[in-house]
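This is what each chain is made of:
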Amino acid sequence: MKKIIELKQVYKDYPQAGNLQTVLHGIDLDVVSGEFVAIVGPSGNGKSTLLNLLTGIDHPSRGEVIVNGAALQKLSNEKLTRWRGANVGIVFQFFQLLPTLNLLQNTVLPMDFLGKLPKRQRQQRAMQLLEQVGLADAADRLPSQVSGGQQQRAAIARALANDPPLIVADEPTGNLDAATADAVFELFAHLRDQGKTLVMVTHNAALADAASRKLEIHSGRIHADTPTRVG
Ligand SMILES: Nc1ncnc2c1ncn2[C@@H]1O[C@H](COP(=O)(O)OP(=O)(O)OP(=O)(O)O)[C@@H](O)[C@H]1O
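Everything numeric in this text was worked out from a predicted model, so none of it was measured.

## Some points on the site of the ligand
Link 1 in the chain: In the vicinity of the ligand, the contacting residues are Y14, V23, G41, S43, G44, N45, G46, K47, S48 and T49.
Link 2 in the chain: Looking at the shell around the ligand, the element that brings in the most residues is helix α1 (residues 47–54), giving three residues.
Link 3 in the chain: Of the residues in the shell around the ligand, the class split is two nonpolar, seven polar and one charged.

Written as structure tokens, this is what we have:
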């Protein structure tokens, strides 16, 4: 199986009141293609920091992060931004759709950024993705004109726009009520069945149970790494 994520002795320090606070302590982690990894653990223990290293939004203080064959620290900012656009779909807790663009335009945006598909195909693909997440009827609405659950489903469509091999999500149901969270959960389960690699931080027990592997992070260390029933 192809390794899609490799972390080697990864440390992250942040300046804190004149000192350095070590938030991640020598993380070693391999994830192979097609795994669905749930990251769980108490607040403030380094989960989001770890995700930010996987997407290259942040860099480790020491150690190496290799994702889909790219050693992220070695890429210039420009190359990294382009690499991210092609390789990772990111889903945040607070959706982060652009407020002045409608859902279709938000979904087209990552494809505009890569500029690989002709314009008309970008529109068609965005529409298909919105259909997949059940939002065909809301394509021309602004994020403020739809519910939180619909915004999150649009954010998932946007994350899939460039067909990235890896989806990274930080508490994607954290801001949703239970019924809406279930709909988002179904989408992730579907992505898992399509063979996408998913890494997500979640406090949602159903989502964590749908994962093939559960990583528990405590005090910046992998406290437990267990296959789940699904895996
Ligand atoms: N940019 C930053 N500068 C300084 N300290 C930071 C920064 N980002 C995170 N931290 C600190 O690193 C620690 C871990 O934060 P992180 O957000 O990774 O935790 P978490 O496990 O994701 O928490 P939560 O579940 O609440 O989101 C915290 O003590 C936080 O204050």
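## A word on helix α4 (residues 119–132)
Link 1 in the chain: Taking 1.5 Å per residue, 14 residues should reach 20 Å; α4 reaches 20 Å between its end C-alpha atoms and fits that length.
Link 2 in the chain: Among all positions in α4, only R122, A126, L129 and L130 are buried. Axial view of α4: buried residues confined to an arc of 100 degrees, hence all on one face. Turned more than 90 degrees off the buried face of α4, the exposed positions are R120 and Q121.
Link 3 in the chain: G134 occupies a position one or two residues after α4 and carries a positive phi of about 75 degrees.

## Things to note about the sheet that holds strand β5 (residues 70–71)
Link 1 in the chain: Spatially, four strands are ordered β2-β1-β4-β5 in an open sheet, and the strand pairing comes out antiparallel. Of all strands in the sheet, those bounded by a partner on one side alone are β2 (19–32) and β5.
Link 2 in the chain: Pairing geometry for strand β1 (residues 3–16) and strand β4 (residues 62–67), over five bridges, is antiparallel. Bridge pairing links L7 to V65 in β4.

## Some remarks on the nonpolar core
Link 1 in the chain: In this structure, V37, I39, L54, L130 and V168 are the most contacted members of the largest nonpolar core, which totals 61 residues.
Link 2 in the chain: Counting residues per element, this core draws most heavily on helix α5 (residues 148–160), which supplies six residues.
Link 3 in the chain: Dropping the residues within four chain positions of it, V37 is found in contact with V31, L198, V199, A211, R213 and L215.

## Digging into the pairing of strand β3 (residues 36–40)
Link 1 in the chain: Buried residues dominate β3, accounting for five of its five residues.
Link 2 in the chain: Inspection of the sheet shows β3 paired to strand β8 (residues 197–201) by four bridges, in the parallel sense. Of the residues in β8, the one forming a bridge with V37 is V199.
Link 3 in the chain: In terms of strand pairing, β3 meets strand β9 (residues 213–218) through four bridges, oriented parallel.

## Details of unusual backbone geometry
Link 1 in the chain: For Q9, which is not glycine, the phi dihedral falls at a positive 45 degrees.
Link 2 in the chain: Relative to the helices and strands, Q9 is located in strand β1.
Link 3 in the chain: We classify Q9 as exposed; it has 12 C-beta atoms within 10 Å.
Link 4 in the chain: For F95, which is not a glycine, the phi torsion comes out positive at approximately 60 degrees.
Link 5 in the chain: Among the structural elements, F95 can be located in the loop between β6 (88–91) and α3 (103–114).

## As for the sheet that holds strand β7 (residues 166–170)
Link 1 in the chain: Here six strands make up an open sheet; going across it, the order is β6-β7-β8-β3-β9-β10 and the pairing mixed. Only two strands of the sheet have a single partner each, and these edge strands are β6 and β10 (221–227). Taking each pair of neighbouring strands and ignoring which way they run, the sheet shows an average axis angle of 15 degrees.
Link 2 in the chain: Across four bridges, the pairing between β6 and β7 is parallel. In the strand pairing of β7, V88 is matched with L166.

## Details of the packing of α3 against α4
Link 1 in the chain: The contact between α3 and α4 brings their axes to 9 Å, and the two run at 125 degrees. By the angle between their directions, the pair α3 and α4 is classed as oblique. For the pair α3 and α4, the sense of crossing is right-handed. On α4, the residues that touch L103, L104, T107, V108, M111 and D112 of α3 are R122, Q123, R125, A126, M127, L129 and L130.
Link 2 in the chain: Its residues assigned to classes, the contact of α3 with α4 comprises eight nonpolar, two polar and three charged.

What counts as what
Residues numbered from 1 in each chain as written. Predicted model: local features only at pLDDT ≥ 70, side-chain atom pairs only at ≥ 80, totals over all residues. Near = placed C-beta within 6 Å. Helix = DSSP H or I, 4+ residues; strand = E, 2+ residues; numbered from the N terminus. Nonpolar A, V, L, I, M, F, W, Y, C, P; charged D, E, K, R; others polar. Expected span 1.5 Å × (residues − 1). Buried ≥ 20, exposed ≤ 12 C-beta atoms within 10 Å, placed from the backbone. Arc of directions from axis to C-beta. Pairing = 2+ DSSP bridges. Core = buried A, V, L, I, M, F, W, Y, C linked by C-beta atoms within 7 Å. Contact = placed C-beta atoms within 7 Å. Axes fitted to C-alpha atoms, helices over the stretch in contact; angles between N-to-C directions. Parallel < 35°, antiparallel > 145°, perpendicular 65-115°, else oblique. Left-handed = near helix turned anticlockwise from the far one by under 90°.

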